[in-house]
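Observations on the model geometry
Residue-level listing of the chains:
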Amino acid sequence: MSSSPTITTAFQQQFHDTFIHALQSRESFFGKTVVNRGMIEGSSFTVNNIGSSAMREVTGRYQDKSAQDIAHSTRIAYMADYDAGPYPVDSFDLPKLVADPTYKYVELLQAAAERQKDIIIYRALLDGSLTRSAEGGSVTTTTLPAGQQIASGGTGLSKAKVIQAKSLFRKNKADGRYEPGTKLYIAYNSDSVRQILSDTTLTSADYMASKFLEQGEVGNWCGFEWIPYEELDSPAANTLRTVAWSSTAVHYGTGIGVKTDIGENKSKRGNPMEVYGVMSLGATRQDEKKVVQIDFATNV
């Protein structure tokens, strides 16, 4: 049994005494931008929403009171299970290697888990959310309304689109002005960076901090903290789909944290070591008014 079809490239030739990971994300970018519900027991968790109230004018004396209904709904997030591996390390290969790759495989598993967390949160931001409006009632799928979507229109991720997104959060009372402590985020990728750096109206001193010009990092701008993410959806040719959201827009929970195991496989010759990892996560969007979908062209 071979460890990996490519592990023989690392047989002892004194070129390097350790293994270097291929370029990849090793931390979750989205995990810190949403509501973390912590450890979840069971196959799902819920987010309970309550509507708003309004005052009424009293126009006479000693009038009878009339009850006011307040809308309630529940969002449901089902836990999904994931694994990676096992990645075998053949005991017959180890004497031929300068470095033991086992601990690096564990790091690879942890990095894969963090990337999967981002995928789950990104999907929760954009995909339909499971909603139940009454106890024991049927579960329906709630999608992002058209009013929360900004079309590509053949243009890139422009200042106009960012301002439009910002105005939607203000209109919906979904920013820090109305919900103290709330932060706004927006995802961007390499195409976004190229477009922004090429737009002099965005990179002038009037619009961007010098850090962006010097280092190519967006950081905070126009009321958003910009979060790097390269795995944006492509809904059409030459089009990508990014998203802006409030820090309370998505709730995610963990059923099984990143759990890794290193052990011998005694059913195989040589008792090779195997690295294996599992986790369980779930996420759901809490309110459509806290999310803005933004499509932009990449060929501009």
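As shown above, the structure is provided for reference.
Each residue is numbered by its place in its chain's sequence as written, counting from 1. Per-residue local features are limited, in this predicted model, to residues with pLDDT of at least 70; the limit for side-chain atom pairs, both in listing and counting, is 80 or more; totals at the level of whole chains, interfaces and linings are taken over all residues. Each side-chain value is derived from all of the structure's non-hydrogen atoms; neither hydrogens nor water enter the calculation.

**Comments concerning helix α2 (residues 159-171)**
Under the convention used in this document: Only DSSP runs of H or I covering at least 4 residues are called helices, and only runs of E covering at least 2 are called strands; the numbering of each starts at the N terminus. Each residue after the first adds 1.5 Å to the expected span of a helix. Burial classification: accessible surface area is computed with a 1.4 Å probe over protein chains only, and a residue below 20% of its type maximum counts as buried, one above 50% as exposed, and the rest as partly exposed. Think of the arc as the fan of directions from the helix axis to the C-beta atoms. Note on definitions: a residue-residue contact is assigned when non-hydrogen atoms from the two residues lie within 4.5 Å.
Taking 1.5 Å per residue as the helical rise, α2 with its 13 residues ought to reach 18 Å, and the 18 Å between its terminal C-alpha atoms agrees with that figure. By the burial criterion, the buried members of α2 are Lys161, Val162, Ala165, Leu168 and Phe169. Seen end-on, α2 carries its buried residues on one side only, within an arc spanning 120°. Set apart from the buried face of α2 by more than 90 degrees, the exposed residues are Ala160 and Lys171. The secondary structure elements touched by the buried residues of α2 are β7 (149-150), β8 (184-188), β9 (220-221), β10 (224-228), β12 (239-246) and β15 (291-297).

**A look at the side chain of Gln195**
Considering the arrangement of structural elements, one finds Gln195 in helix α3 (residues 190-198). Setting aside its immediate chain neighbours within four residues, Gln195 contacts Gly156, Leu157, Phe296, Ala297, Thr298 and Val300.

**Some thoughts on the sheet that holds strand β2 (residues 44-50)**
The strands that make up a sheet pair up through hydrogen bonds in the backbone, lying either parallel or antiparallel. The condition is simple: For two strands to be treated as a pair, DSSP must find no fewer than two bridges joining them. Helix axes use the C-alpha atoms of the stretch in contact, all axes being lines fitted to C-alpha atoms, and the angles between their N-to-C directions lie in the range 0 to 180 degrees.
As summarised here, the arrangement of the four strands in space is β2-β3-β5-β6, forming an open sheet in which the pairing is antiparallel. Every other strand in the sheet has two partners, leaving β2 and β6 (139-142) as the edge strands with one partner each. When the angles between neighbouring strand axes are averaged without regard to direction, this sheet yields 35°. Relative to strand β5 (residues 129-132), strand β3 (residues 72-78) runs antiparallel, the two being bridged by three bridges. Bridge assignment links Thr74 to a residue of β5, and that residue is Arg132.

**Description of the sheet that holds strand β14 (residues 273-285)**
Strand order in this open sheet of four strands is β1-β13-β14-β4, and the pairing throughout is mixed. Each of the sheet's edge strands pairs with one partner strand only, and the pair in question is β1 (35-39) and β4 (80-89). The average undirected angle you get between the axes of adjacent strands in this sheet is 25°. Inspection of the sheet shows strand β13 (residues 250-264) paired to β14 by 12 bridges, in the antiparallel sense. Residue pairing for β14: His251 is matched across the bridge by Thr284. Helix-sheet contacts for helix α1 (residues 102-126) involve β4, β13 and β14, and the interaxial angle to β14 is about 15°.

**Section: the pattern of salt bridges**
Spelled out, the test is: Note on definitions: salt bridges are taken to be side-chain nitrogens of Lys or Arg within 4 Å of carboxyl oxygens of Asp or Glu.
Taken as a whole and assessed by the stated rule, the structure comprises nine salt bridges. Here Arg285 makes a salt bridge to Glu288, at a shortest N to O gap of 2.8 Å. Of the two residues examined, Arg285 and Glu288, each falls in the buried class. When salt bridges with common partners are traced through the structure, they connect Arg75, Arg285 and Glu288 into a single cluster.

**Digging into the pairing of β3**
The side chains of a regular strand alternate, first on one face of the sheet and then on the other. The element β3 is extensively covered by neighbouring structure, given that five of its seven residues are classed as buried. In this structure, β2 lies alongside β3, joined through seven bridges in antiparallel fashion. By the bridge assignment for β3, Asn48 is matched with Thr74.

**Thoughts on unusual backbone geometry**
For the bond running from Gly85 to Pro86, omega is 0°, close enough to zero to count as cis. Phi at Asn238 is positive, roughly 60°, even though this residue is not glycine. We note that Asn271 has phi near 45°; this positive angle belongs to a residue other than glycine. By the secondary structure assignment, Asn271 is in the loop between β13 and β14.

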